[in-house]
Amino acid sequence: MKWLEKYKVQVPILEKESDYPNWAISMTTTLLNHTGTWRIFRPIYLNKIPPCNNECPTNEKIQSYMDLVKQDKLLEAYKLILEDNPFPSITGRVCYHPCETECNRKDYDESIGIHCVERFIGDWGLKKVPFAKPATKRKVSIAIIGSGPAGMASAYYLALNGFNVTIFEKKAKLGGMLRYGIPAYRLPKKVLDNEFKKLITLGVKFRTSSLVGKDITLDNLRKNFDFVIIGHGAHKNRPMVIPNEEASGVFSGLDFLSQINSGKRPKIGKKVAIIGGGNTAIDAARSCLRLGSIPTILYRRTRAEMPAVSDEIDAAEAEGIKIEFLVAPVKITVTKKGKLTGIELIKMKLGRPDASGRRRPVPVEKSNFTLKFDSIISAIGEQVDLSILSADITKTEWGVKADFIGRTNIQNIFAIGDCVTGPKTVVEAFGAGKRTALQIMGNADKIQHKVERPVQYSELNLDYFEHTQKVPPPQMPVAVRKKNFKEVHTGYSNVNAKNESERCFSCGVCNKCDNCFVVCPDLSVLKDTGEYEFDYDYCKGCGVCAHECPRYAITMIEESKAEVE
Amino acid sequence: MRFTVPEKELMFPGHVACPGCGGALAMRFALKALGEKTMVVLPACCWTIIDGPFPMHSLQVPVLHTAFETAAIAAAGVKAGLDIQGKNDITVMAWAGDGGTLDIGIQALSGAAERNDDIIYTCYDNEAYMNTGIQRSSATPKGAWTTTTPEKTPKSEPKKNIMEIMNAHRIPYCATATLAYPEDLINKFKKAQSIRGTKFIHIFAPCPTGWKMAPDLMIKICRLAVETNIFPIYECENGLNYSINIKPKNQIPVVDYLKPQGRFRHLIQKDIEQIQKSVDFEWELLQYRASRDFTKSKNIQSQAKK
Ligand SMILES: Cc1cc2nc3c(=O)[nH]c(=O)nc-3n(C[C@H](O)[C@H](O)[C@H](O)COP(=O)(O)OP(=O)(O)OC[C@H]3O[C@@H](n4cnc5c(N)ncnc54)[C@H](O)[C@@H]3O)c2cc1C
Ligand code: SF4
Ligand code: SF4
Ligand code: SF4
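Residues numbered from 1 in each chain as written. Chains lettered and ligands numbered in written order. Predicted model: local features only at pLDDT ≥ 70, side-chain atom pairs only at ≥ 80, totals over all residues. Heavy atoms only, no water.

Let's talk about unusual backbone geometry
Under the convention used in this document: By the criteria applied, helices consist of DSSP H or I runs no shorter than four residues and strands consist of E runs no shorter than two, each listed in order from the N terminus. To sort residues, take the accessible area from a 1.4 Å probe on protein chains only and compare it with the maximum for the residue type: under 20% means buried, over 50% means exposed, and anything in between is partly exposed.
Looking along the chain, the bond that leaves Phe54(B) and enters Pro55(B) is cis, with omega of 5 degrees. Following the sequence through the fold, Pro55(B) ends up in the loop between helix H2 (46-50) and strand S2 (63-65). Phi angles above zero are rare outside glycine, and Lys366(A) is one such case at about 55 degrees. Locating Lys366(A) in the fold gives a position in the loop between strand S13 (359-363) and strand S14 (369-372). A residue is classified by how much of its surface remains accessible, and Lys366(A), at 79% relative accessible area, is exposed.

Let's talk about the environment of Thr302(A)
All names here are of chain A. Within the secondary structure, Thr-302 sits in the loop between strand S9 (294-298) and helix H14 (310-318). Given the relative accessible area of 22%, Thr-302 is considered partly exposed. Sequence-wise, Thr-302 and Met-348 are 46 residues apart; in three dimensions their C-alpha atoms are separated by 9.7 Å.

Some details on the interface of chain A and chain B
Keep this limit in mind: Any two residues whose heavy atoms approach within 4.5 Å are treated as being in contact. By convention, the term buried area covers the 1.4 Å-probe accessible surface removed from two parts as they join, with the contributions of both added. Between Lys or Arg on one side and Asp or Glu on the other, a salt bridge is scored when a side-chain nitrogen of the former is within 4 Å of a carboxyl oxygen of the latter. Side-chain atoms alone can form a polar contact between residues adjacent in sequence; in general such a contact is a pair of N or O atoms within 3.5 Å, and within protein one must be able to donate a hydrogen while the other accepts it.
In this complex, chain A contributes 40 residues to the contact, which on the side of chain B involves 39 residues. In total, about 3400 Å² of surface goes out of reach between chain A and chain B, with carbon and sulfur atoms giving 63% of it. Of all residues in chain A, Thr30(A), Val518(A) and Leu523(A) bury the most surface against chain B, accounting for 18% of the area lost on that side. For the pair chain A and chain B, the number of links is 4 salt bridges. Among the ionic pairs, Lys527(A) bridges to Glu7(B), the shortest N-O distance being 3.1 Å. Linking chain A with chain B are 18 residue pairs in polar contact (both at pLDDT 80 or more). At the level of secondary structure, the elements contributing two or more residues to the side of chain A that touches chain B comprise helix H19 (515-519) and helix H20 (544-548) of chain A.

Re the sheet that holds strand S2 (residues 141-145) of chain A
Residues and elements named next belong to chain A. What counts here: Pairing between strands is defined by DSSP: at least two bridges between the two strands are required. Axis lines are fitted through C-alpha atoms, for helices just across the contact stretch, and the angle between N-to-C directions can take any value from 0 to 180 degrees.
The 5 strands lie next to each other as S4-S3-S2-S5-S17, forming an open sheet whose pairing is parallel. With partners counted over all chains shown, the strands left at the sheet margins are strand S4 (205-207) and strand S17 (413-415), one partner each. Geometrically, the sheet is characterised by an average inter-axis angle of 20 degrees between neighbouring strands, direction not taken into account. Strand direction decides the pairing type here: S2 and strand S5 (residues 227-230), joined by 4 bridges, are parallel. Residue pairing for S5: Ile-142 is matched across the bridge by Phe-227.

Quick word on the site of ligand 3
Note the cut-off: For this purpose, a residue is taken to be near a molecule or strand whenever a single non-hydrogen atom of the residue falls within 4 Å of it. Classification convention: Asp, Glu, Lys, Arg as charged; Ala, Val, Leu, Ile, Met, Phe, Trp, Tyr, Cys, Pro as nonpolar; all other residues, Gly among them, as polar.
Near ligand 3, the surroundings consist of 13 residues, among which Cys520(A), Cys539(A), Cys542(A), Gly543(A) and Cys545(A) are the closest. Among the residues making up the shell around ligand 3, the classes are represented as 8 nonpolar, 3 polar and 2 charged.

With respect to the state of the cysteines
Counted only if it meets this: Defined by distance alone, a disulfide is two cysteine sulfur atoms within 2.5 Å.
Inspection of the entire model under this criterion finds 0 disulfides over all chains. Left unpaired, Cys207(B) is separated from the closest cysteine sulfur, that of Cys18(B), by 5.9 Å.

A closer look at the domain arrangement of chain A
Residue and element names in this part refer to chain A. For the record, the criterion: The domain limits used here are those given by an automatic or database domain assignment.
Parsing chain A into structural domains produces domain 1 (16-47 + 510-561), domain 2 (52-129 + 467-501), domain 3 (141-234 + 384-446) and domain 4 (237-381). Relative to domain 3, the C-alpha centre of domain 2 lies at a distance of 26 Å. Of all residues in domain 2, the largest losses of buried area upon contact with domain 3 belong to Phe-87, Ile-90 and Val-94, amounting jointly to 30% of the total for that side. The interface formed by domain 2 and domain 3 contains 1 salt bridge. The closest approach of N and O atoms between Lys-434 and Asp-84, which form a salt bridge, is 3.1 Å. In this assembly, domain 2 and domain 3 are joined by 12 residue pairs in polar contact (both at pLDDT 80 or more). Elements represented by at least two residues in the side of domain 2 that touches domain 3 include exactly helix H4 (74-84) and helix H5 (88-94). Per element, the largest residue contribution to the side of domain 2 that touches domain 3 is 6 residues, and it comes from H5. Along the lines of polarity and charge, the residues of the side of domain 2 that touches domain 3 split into 14 nonpolar, 4 polar and 5 charged.

Here we look at the site of ligand 4
Around ligand 4 lies a shell of 13 residues, among which Cys510(A), Cys513(A), Cys516(A), Cys549(A) and Arg551(A) are the nearest. Classifying every residue of the shell around ligand 4 gives 8 nonpolar, 2 polar and 3 charged.

Focus: the sheet that holds strand S7 (residues 250-252) of chain A
Think of a sheet as strands paired side by side through backbone hydrogen bonds, with each pair either parallel or antiparallel. Residue and element names in this part refer to chain A. A sheet is described by the order of its strands in space; here 5 strands give the open sequence S7-S15-S8-S9-S10, paired in parallel fashion. For this open sheet the edge positions go to S7 and strand S10 (322-324), each flanked by a neighbour on one side alone. Averaged over all pairs of adjacent strands, the angle between their axes in this sheet comes to 25 degrees, without regard to strand direction. Bridging between strand S8 (residues 271-275) and S9 involves 5 bridges; their strand directions are parallel. Counted as the bridge partner of Ala-273 is Thr-296 from S9.

Some words on the nonpolar core
Threshold: Among the buried residues, those of types Ala, Val, Leu, Ile, Met, Phe, Trp, Tyr and Cys that are joined through side-chain atoms within 4.5 Å form a nonpolar core.
By size, the foremost hydrophobic cluster in this structure holds 90 residues, and its most contacted members are Met27(B), Trp47(B), Trp95(B) and Phe189(B). Considering every element that reaches this core, the biggest residue donor is helix H1 (residues 22-34) of chain B, with 9 residues. Contact partners of Met27(B), with chain neighbours within four places excluded, come to Met11(B), Val40(B), Leu42(B), Trp47(B), Leu59(B), Met93(B) and Trp95(B). In terms of nonpolar packing, the next biggest core, distinct from the first, is built from 66 residues, Met66(A), Leu68(A), Val129(A) and Leu199(A) among them.

Quick word on the packing of helix H8 (residues 149-160) of chain A against helix H16 (residues 426-441) of chain A
Describing two packed helices takes the angle between their axes plus the distance from one axis to the other. Residue and element names in this part refer to chain A. Note the threshold: Definitions for this section: a left-handed crossing has its near helix turned counterclockwise from the far helix by less than a right angle. A right-handed crossing has that turn clockwise.
For the pair H8 and H16, the least separation of the axes is 7 Å and the interaxial angle reads 35 degrees. Relative to H16, H8 is oriented so that their crossing is right-handed. Seen from H8, the contacting residues are Pro-149, Ala-150, Ala-153, Ser-154, Tyr-157 and Leu-158; seen from H16, they are Val-426, Ala-429, Phe-430, Gly-433, Lys-434, Thr-436, Ala-437, Ile-440 and Met-441. Partitioning the contact of H8 with H16 into residue classes produces 11 nonpolar, 3 polar and 1 charged.

A closer look at the side chain of Lys32(B)
Position of Lys32(B) among the secondary structure elements: in helix H1. A polar side-chain atom of Lys32(B) sits 2.7 Å from the main-chain carbonyl oxygen of Pro6(B). Ignoring anything within four residues of it in the chain, the contact list for Lys32(B) reads Phe517(A), Val5(B), Pro6(B), Glu7(B), Lys8(B) and Glu9(B).

Some words on the packing of aromatic side chains
Worth spelling out the cut-off: When the centres of two rings from Phe, Tyr and Trp lie within 6.5 Å, Trp using its six-membered ring, the rings pair. Their planes under 30 degrees apart give stacked, over 60 give edge-to-face, and anything left gives tilted. Placement of a charge over a ring requires the Lys NZ or Arg CZ to be within 6 Å of the ring centre, with the centre-to-atom vector within 35 degrees of the ring normal.
Enumeration over the complete set of coordinates arrives at 26 aromatic pairs over all chains. Here the aromatic rings of Phe168(A) and Phe225(A) are separated by 5.9 Å at their centres, their planes lie at 90 degrees, and the arrangement is edge-to-face. Here Phe168(A) is found in strand S3 (residues 164-168), whereas its partner Phe225(A) is found in the loop between helix H11 (218-224) and S5, with 57 residues between them in sequence. Taken as a pair, Phe168(A) and Phe225(A) share a single burial class, namely buried. Ring geometry for Phe196(A) against Phe206(A): centres 6.2 Å apart, planes inclined by 70 degrees, an arrangement best described as edge-to-face. Placement of Phe196(A) in helix H10 (residues 189-201) and of Phe206(A) in strand S4 is noted, with a sequence separation of 10 residues between them. In this structure an aromatic cluster arises from ring pairing among Phe204(B), Trp211(B), Phe231(B), Tyr257(B) and Phe264(B). Between Arg290(A) and the ring centre of Tyr185(A), over which it is positioned, the NZ or CZ distance is 3.9 Å. If you follow Arg435(A) out to its NZ or CZ, it ends over the ring of Phe404(A), 3.8 Å from the centre.

Spelled out as structure tokens, the structure:
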């Protein structure tokens, strides 16, 4: 409430001499004096996009749920996450957390352990919060090809809003790479099953063991559904194109992991070579170790160029896995009878940067040598199978052609996830799935685009923060974990999560810290309505409030440009 | 970190302080601490103007405007008058600028302190006669520009140490405070209110206009003054027992404090080094004083109690 709404100001009438008091005594207050007219700049409350939110492909409102965790409002925190990401227990475990890479706190001490807090809230919610029920049914039918993260996210938001969703999945079980790629020591299958219960409660129909392109055609789906969403991922193993690649004892990384994840035990020998430097290679190597083999990763560039996430490489190395750098396979060596004996390699050196910006490996002449192995796993990358697409759908070099929202060249056909981008990440697939759902739901205005300039570190007022260390993510000791497929990271406790969220700056987002109210010399920051507001009748525009806002939630704008009230 | 200050306002907006005035915010905090049962005595100073021209007034407590040199004695008189009427639950506070305290009002202040009159005397120090046109006072720091100490011949004398003068009176309570530490400031006013006798509070109160600095830096400059040890935050009981209330976290060079202020723009490297040296000296001296423990000396303790 503004001052002038709270107080009735007396205007003394001073016309004749007798109106004046006998001695100099005030007759009214300075509320009569509208010092707001002095202003050249005016403060306005303006929340901005923090880098974590900007970088997260699902644009989770990280700063806001950190604030809720601080206040022990876990239910609100969980609900807020689900608005942007339906499956935080999954991303909390396997997301490569680009949010943390960009977190402003990294420039102060250490970035916030965002994914650890996210995982804590996600697991808390799975345990405590009943699954959402769908809104009133709408008569719109949607076919989704693929039950990977892209399809899951679309299905969630569409079903939640009453759409009729059917997922067609070629495998016997649901989850795509979450089930058949990522090993259980990073994502226990039980967590995945629990997250899928959300979709089951929402009434999503599943047609498993239905290979689109064989059991049912895409054209067929187009005829029978109002919308088709393609999210069939990137599952074709890229061949090494070297002699004896077909020998027995040579596995593809995806097949190898998929077997383990289906409960089988692939027949690998003691000494195993894994070719490649991506996440599939690391996961295959760590899985070999857990099966009792001795894995060696062979990679043709150096550690700096490895596409695998640095945390994962660290974990593999901590478990004692050897990585040989700057070597490339020339051929698989076999006995006359065709039995695998090892691999012939050539040494490499780094040349000029290639299209990806990484330095291209070039062979060192006559440096060939041979190493002995019992099995070989090839994990040099995955490709999209484009054969299921109808001829009229436009493709790119690596996948289906679709925009940020998932729109293909054909109306009512959308494409999302790895099948568009080539192998990427779970959270990107979630983000794409959500955007497509919003588009189909007619809520395109809610699709968040990346901003050029999120809140910068230099825009914060760091006087109000103490240096603290990140709460380290608890994990099983190496000696124990490398013997089985039990989850490596054990997760934050409630106290851990609270302590970690306390560290968040809340960049660009007001969290009602009261600073602006406290420091205003002109009593022009009001908060009796529960929200902060400026009293422009009196604010002189000094800017102290904006400067002392720790998180840049106040912006000073030129008075002449301020909208006329 | 989050400030917690009493919610109730005992001041109105519409006062005529410049944008970003430290003195205005100081009054707001002081009244939050002291509460409604307070009377304020203002001698000539910025606050005479800030309070508003006739017929207006910006405080929600009574104010007596008085002459430049009389803040302390007028306050003591008001207090005596109230006592005689039996109204002894009212706090009387003299509120004067640095000119009215360190120069013009020092005699009356010393007299009140000598008699240990039961008042709170606050000096909000903006380091010059600001509302009359930025003339130097004995609180102006060495090296500063004012209209009477122009850039070619900036002030050559160091700032008068009013805290030591008041400590020498052995009054029950003397304290420094500034606006970047509102809780500390408010606690000191509350503590002063609970003590009988003369209490002296010295507030470092930036004047963006006279210091030629951006008004939005008002709080920041207070913080820098403390973190560079230019204006240490401490208190002293009975002129003997010192304690430093805010210990700077990192050692910041004085130049960080001087730089944002136009009044120090003309200083050269050599001047800055000199300022640094004298700040280091004063800080060491203060730390030494604060390290002495008089509670062990029965003699000193029994004397001090008197
Ligand atoms: C070993 C490995 C580990 C990984 N680890 C991580 C990680 O830790 N973090 C991370 O963010 N990302 C990781 N990724 C990448 C991530 O898994 C993918 O980016 C993500 O799963 C892509 O989601 P998607 O829904 O587009 O495709 P997918 O998950 O591949 O799902 C596609 C689904 O479509 C089905 N399908 C395919 N063709 C058809 C068809 N014709 N008819 C019907 N169904 C079909 C598939 O069976 C599958 O279920 C990893 C990938 C691999 C291979
Ligand atoms: S400090 Fe908090 S709001 Fe800022 S980038 Fe990091 S997580 Fe986001
Ligand atoms: S501190 Fe007060 S007067 Fe200054 S700009 Fe902010 S609201 Fe206006
Ligand atoms: S100072 Fe605190 S309360 Fe004010 S806008 Fe900034 S975050 Fe919100």
